[in-house]
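What follows is the residue order along each chain.
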Amino acid sequence: SNRVRVIDPCLKDPRIIALLGKLVSEYAIPSKPMLKFRRDIYALLELICEAERQANMSRRGFKTVEKGIEYLDFVADIYGIDAKTRKERVRALATAFELFDDLGQPISAYSHGMKQKLAVISALIHEPKLLLMDEPFVGLDPKAAHTLKQLMRDLCARGGAIFFSTHVLEVA
């Protein structure tokens, strides 16, 4: 059955919502309620992006990013994270994902799993209330997948919510 639950946009009820398999496919959304749900998610994303653009209008320009730490600094700059907080969060998250010692290396030298870990860290560095992820477990080793699951539970325990897509039934 194709049931859609109404989700409170105020995130009063923290939870993790996995969108499994073909339901997240571009060409296999099965019903009109799912299409409306998808349009609502896109509208929410547009609002979030517009708010970010407005908040960061004064930060213009281009920056070359080659190393993992430069990328995380760039993301932290976008969110206005101060140097002390940034250092603490980068150290904690990169250590949890066993990536800390490799942050000084060029991203082009990273394996797929290392790039995935870097992407996850960049998504978590600003401690979001709402996290949207597409196949976040792809490329992660079992220990990193376990770490990500724990961080997702922690985010929800702090009142956040997570939407993620997956084709892996065990993580859904």
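Everything here concerns the structure above.
A quick note: this is a predicted structure, and the numbers were derived from the prediction, not measured. (Residues numbered from 1 in each chain as written. Predicted model: local features only at pLDDT ≥ 70, side-chain atom pairs only at ≥ 80, totals over all residues. Heavy atoms only, no water.)

**Student:** What exactly am I supposed to notice about the nonpolar core here?
**Tutor:** In a soluble, globular protein the nonpolar side chains are often hidden away together inside. Counting 29 residues, the largest nonpolar core has Leu103, Leu118, Ile121, Phe137, Leu148, Met152 and Ile162 as the members making the most contacts within it. Those elements that provide at least two residues to this core are helix 2 (68-78), helix 3 (83-96), helix 4 (112-124), strand 2 (130-134), helix 5 (142-157) and strand 3 (161-166). A total of six residues in this core trace back to one element, the largest contributor, which is helix 5. Not counting residues within four places of it along the chain, the set of residues in contact with isoleucine 121 comprises Leu72, Leu93, Ala94, Phe97 and Leu99. (Core = buried A, V, L, I, M, F, W, Y, C linked by side-chain atoms within 4.5 Å. Buried < 20%, exposed > 50% of the residue type's maximum accessible area, 1.4 Å probe, protein only. Helix = DSSP H or I, 4+ residues; strand = E, 2+ residues; numbered from the N terminus. Contact = heavy atoms within 4.5 Å.)

**Student:** Is there a simple way to think about the packing of aromatic side chains in this case?
**Tutor:** Working definition: an aromatic ring pair is given by the centre-to-centre distance plus the angle between the planes. In the structure shown here, the tally under the stated rule is one aromatic pair. Aromatic pair phenylalanine 137 and phenylalanine 164: ring centres 5.8 Å apart, planes at 70 degrees, arrangement edge-to-face. Taken together, the residues span a long stretch of sequence, with phenylalanine 137 in the loop between strand 2 and helix 5 and phenylalanine 164 in strand 3 at a distance of 27 residues. There is no split in this pair, since phenylalanine 137 and phenylalanine 164 are both buried. A cation over a ring is seen here: lysine 149 above phenylalanine 137, with NZ or CZ 6.0 Å from the ring centre. (Phe/Tyr/Trp six-rings, centres within 6.5 Å; stacked < 30°, edge-to-face > 60°. Lys NZ or Arg CZ within 6 Å of the ring centre and 35° of its normal.)

Treat this as a map of the structure, not an account of what it does.
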